[in-house]
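Structural overview
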Amino acid sequence: MEIVNFGSMNLDYVYTVPDFVQPGETLAADSRAIYCGGKGLNQSVAAARAGAVVRHAGMLGQGGEPLRAVLERTGVDTGLLADCPLPQGHTVIQVSRTGENCILLYRGSNGAVTADYIRQALGRLSAPAYILTQNETAGLSDLLTLAAERGHRVCLNASPVDQALLDTDLSGLSWLLINRLEGNQLTGQEEPQAILDTLETRYPAMGVVLTLGKKGALCRSGGHQLFQPSFPAKAVDTTGAGDTFTGYFLAMLARERSLEEALSMAAMAAAIAVTRPGAEPSIPQEAEV
């Protein structure tokens, strides 16, 4: 089965800093680079690198052509993308010297996804697929409903969690992928087992992957639970590690690998991702305005 990712695409302005800026503080950054990112784009790239057949859907805004180029260079089909007159979505990311990150998101063109566009894109699919999405684009509720009605396996990386997501019916999901903070926001529970128990009670047919950082990941599906330990790694930059995990996990499922292998490959890929400072900047510094 192919993966069709209705995913965000962002230009990421990444600043390396001694520590995160505090309220009222002005802090000099060590460096700046611009990358092509967004949770959606990152996950499509990861899934394609894991060997899946991937199509990316979404709204390409003004200034977003480098994003299309990155997807196509990685082997992702961009035929479902639609042009949008709004500025391309972007993020401002602080990366500390310890490898942690904090992110400010501006939706831009990612906020222009409509129910009509979703219907048209889904109508171009000739067979059931894994439909992947995140909460960085508009139209989440419409996509979950329309994709489930058409018999697709709908997968949500519930990030970020906001009121609109909390008000969305998740009963049609095949898979929910979350970290511990997102699990707490969705359920009100603190402990991993309580998070999984609450979600299973609400949505008994839904599989859940709960990532726990260095403590690994838990997976609850069909009444069974699996634990995947993390692989040892010295973190340089954790930006995108969760997206790498998601992309590899779904790629393994789409390639009909076992759940155990999907979790192991996802954890291994995420561990490798955090050890790297990132690729070369997607937009050369001399081209910046």
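Residues numbered from 1 in each chain as written. Predicted model: local features only at pLDDT ≥ 70, side-chain atom pairs only at ≥ 80, totals over all residues. Heavy atoms only, no water.

**Points about the overall build of the protein chain**
Summing up its helical and strand segments, the protein chain has nine helices and 14 strands in all. Computed over C-alpha atoms, the radius of gyration of the protein chain comes to 18 Å, within 12% of the 19 Å expected from 2.2 N^0.38 for 289 residues, which places it in the range of a compact globule. With respect to the principal axes defined by its C-alpha atoms, the protein chain has extents near 50 × 40 × 35 Å. Within the protein chain, the fraction of its 289 residues that count as buried is 50%. Of the contacts formed within the protein chain by residues at least 6 apart in sequence, a portion of 64% connects residues at least 24 apart. In the structure as shown, the protein chain presents an accessible area of about 13,300 Å², 52% of it carried by carbon and sulfur atoms. Distance between charge centres in the protein chain, computed from 21 positive and 30 negative side chains, equals 4 Å. (Helix = DSSP H or I, 4+ residues; strand = E, 2+ residues; numbered from the N terminus. Rg over C-alpha atoms; globule rule 2.2 N^0.38 Å. Buried < 20%, exposed > 50% of the residue type's maximum accessible area, 1.4 Å probe, protein only. Contact = heavy atoms within 4.5 Å. Areas by Shrake-Rupley, 256 points an atom, 1.4 Å probe, with all protein chains shown as cover. Lys, Arg positive; Asp, Glu negative; His and termini not counted. Charge placed at Lys NZ, Arg CZ, Asp CG, Glu CD.)

**Quick look at unusual backbone geometry**
The omega torsion across Ser-159 and Pro-160 is -5°, close enough to zero to call that bond cis. Take Pro-160: it is sitting in the loop between β10 (153-157) and α5 (163-166). The backbone phi angle of Glu-256 is positive, close to 65°, even though this residue is not glycine. For Glu-256, the position within the fold is in the loop between α8 (241-254) and α9 (259-274).

**Notes on helix α1 (residues 39-49)**
In terms of burial, α1 is largely enclosed, as nine of its 11 residues are buried. Among the residues of α1, those classed as buried are Lys-39, Gly-40, Leu-41, Gln-43, Ser-44, Val-45, Ala-46, Ala-47 and Ala-48. Of the residues trailing α1, Gly-51 is marked for its positive phi of about 100°.

**A closer look at the pairing of strand β2 (residues 10-17)**
With seven bridges connecting them, β2 and strand β3 (residues 31-37) associate as antiparallel partners. Each bridged residue has a counterpart across the sheet, and for Asp-12 the counterpart in β3 is Tyr-35. Pairing of β2 with strand β7 (residues 90-96), which is carried by seven bridges, proceeds in the parallel orientation. The residue bridging Asp-12 from the neighbouring strand is Thr-91, located in β7. (Pairing = 2+ DSSP bridges.)

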